[in-house]
Amino acid sequence: MALSCSSLCSQLSLIRHCRLGTNRITHGLHSPYVLCQFRLPLCRHYSSSEVRRGFARYVASKLQWANTKYEDFLKKRFPRFFLLYHTFVEGFKLLFRDAKDIRRIKAKMWSDGVKFQDLPYRDMEKLRQFRRDLIKAIPLVIISIPPFANYLVFVLMYFFPRQLLIPHFWTPNQQLEFRRVYHSLRAQHHWPVLKGLEYTSQQVKNGHLQRQLKDLCAKVQSGTNPKASEILAIRSLFSGPPLGIRRMSVDHMRHISPLLFLTPRLPGFLIGQRLSSHGLELLQLDRGLSRLGVHQLNDSELRQACYLRGLNADVLGVNQCREWLSQWLQVSSSLKDSEVSLLLHSIVFLSANYPSGPSRH
């Protein structure tokens, strides 16, 4: 009897469940629709996300196809404009990549408490170059702020790329040409620096050091490249008067400034501050490069390192650049922070007699 009651209860429960199910069926639809309806929210969520991803891929592929067609059209019909367009596109890619690297480096410095001089050489060089590029780009950004001024900016960038654009937006030929121009402007100050040293040598009281300084200047002027030991022999003259970084005459500092691509058209105390900060930065870069090793640099990094330190590396072979940079580091690695003035003068001592000609060996 208990078993039959239990069976009856289960059957009643089943009938009640079926009635509840049939109450949800409307307009003669059968139960498979109910099952589909039960699963529908999950299906909709899955299919909509798939549709979004598929649509995004479709749009991206169409945009890429249209961009390829547009570039092919420009390349065939307007090759000069295509070169300019391609240079700008690639330049922005490089700029965004560098900005991403700078953000990573800065985050590392802040989180780990790492100072600039303790960074790896490549990170130090990227920070230095990005800072200079940013300073050069600021005037152009300011000019483009007024309404419709961006059209004027494009015209100026087209006709004055060397003065207004950063190297990211130079064509390969422009990079070679502009580096040659900048180096020729820098080389114009080699002989005034040497003449200034000869004149200043009269203020040196130590007869032996005075003679060594005069001999070094005469050797460079005669077309001979000095040895690192000959430069280091007069290092004591460049830590205090009359040739220390803050003890030089203003006229002499004005000839030193273009060696670092700094403007000499500033008050004397500002020129001294800028020479000191840039000289110490260069010394810290040299220490980072010594830790890394010259042979770890690729060809592009090697030429850039030589160019920064006064050599027109585009007209020399890789082995010549590597040999010259090794000699530079022999001098640099022996200097203290207080002797940074000698490092700046070494730009003239070590590069004045290297060619600025048109072709590499």
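Let us look at the structure shown here.

Cut-offs applied
Each residue is numbered by its place in its chain's sequence as written, counting from 1. Residue-level local features of this predicted model are given only where pLDDT is at least 70; pairs of side-chain atoms are given and counted only at 80 or more, and the full residue set underlies all totals for whole chains, interfaces and linings. Derived side-chain values reflect all non-hydrogen atoms in the structure, with water molecules and hydrogen atoms excluded from consideration. Where helices and strands are cited, they refer to DSSP runs of H or I of at least four residues and of E of at least two residues respectively, numbered from the N terminus. Exposed residues in this analysis have more than 50% of their type's maximum accessible area, buried residues have under 20%, and partly exposed residues fall in between, with area computed by a 1.4 Å probe over protein chains only. Residue contacts are counted whenever heavy atoms from the two residues lie within 4.5 Å of one another. Methods summary: accessible areas were calculated by the Shrake-Rupley approach with a probe of 1.4 Å, and residue burial reflects only the protein chains presented. Axes, fitted as lines to C-alpha atoms, cover a helix only where it is in contact. Angles between the N-to-C directions of the axes lie from 0 to 180 degrees. When an angle is under 35 degrees it counts as roughly parallel; over 145 it counts as roughly antiparallel; between 65 and 115 it counts as roughly perpendicular; any other value is oblique. Handedness of each helix crossing follows the sense of rotation of the near helix against the far helix: counterclockwise by less than a right angle gives left-handed, clockwise gives right-handed. Residues were grouped as follows: Ala, Val, Leu, Ile, Met, Phe, Trp, Tyr, Cys and Pro as nonpolar; Asp, Glu, Lys and Arg as charged; and all remaining residues, including Gly, as polar. Throughout this description, the term salt bridge denotes a Lys or Arg side-chain nitrogen within 4 Å of a carboxyl oxygen of Asp or Glu. Within this scheme, the nonpolar core is defined by two criteria: the residues are buried Ala, Val, Leu, Ile, Met, Phe, Trp, Tyr or Cys, and they are joined through side-chain atoms within 4.5 Å.

### Here we look at the overall build of the chain
Reasoning step 1: Across its full length, the chain carries 15 helices and 0 strands.
Reasoning step 2: Within the chain, the fraction of its 361 residues that count as buried is 34%.
Reasoning step 3: Considering only contacts in the chain between residues 6 or more positions apart, those separated by 24 or more positions represent 64%.
Reasoning step 4: Of the roughly 22,600 Å² of accessible surface on the chain, a fraction of 60% belongs to carbon and sulfur atoms.

### Thoughts on the packing of helix α8 (residues 190-200) against helix α15 (residues 340-351)
If you want to describe how two helices pack, look at the angle between their axes and the distance between the axes.
Reasoning step 1: Look at α8 against α15: their axes get within 10 Å of each other, and the N-to-C directions meet at 110°. Looking at the two axes, α8 sits roughly perpendicular to α15. When the axes of α8 and α15 are compared, the crossing they make is left-handed. On α15, the residues touching H190, V193, L194 and L197 of α8 are H345, V348, F349 and S351.
Reasoning step 2: Its residues assigned to classes, the contact of α8 with α15 shows 5 nonpolar, 3 polar and no charged.

### Structural notes on the pattern of salt bridges
Reasoning step 1: Inspection of every chain in the model, using the stated rule, returns 13 salt bridges.
Reasoning step 2: The partner of R235 in a salt bridge is E339, and the shortest N-O contact between them spans 3.0 Å. Placement of R235 in the loop between α10 (228-232) and α11 (250-256) and of E339 in the loop between α14 (318-332) and α15 is noted, with a sequence separation of 104 residues between them.
Reasoning step 3: According to the relative accessible area criterion, E339 is buried, its value standing at 8%.
Reasoning step 4: Three or more residues are tied together by salt bridges with common partners; here these are D98, D101 and K126.

### Some points on the nonpolar core
Reasoning step 1: The biggest cluster of nonpolar side chains holds 63 residues, and the ones touching the most others in it are L275, C306, L325, W328 and F349.
Reasoning step 2: No other element matches α15, which puts 8 residues into this core.
Reasoning step 3: For W328, the contacting residues outside a window of four places in its chain are L282, D286, R309, L343, S346, I347 and L350.
Reasoning step 4: L140, V153, L165 and W170 belong to the second-largest nonpolar core, a separate cluster that totals 9 residues.

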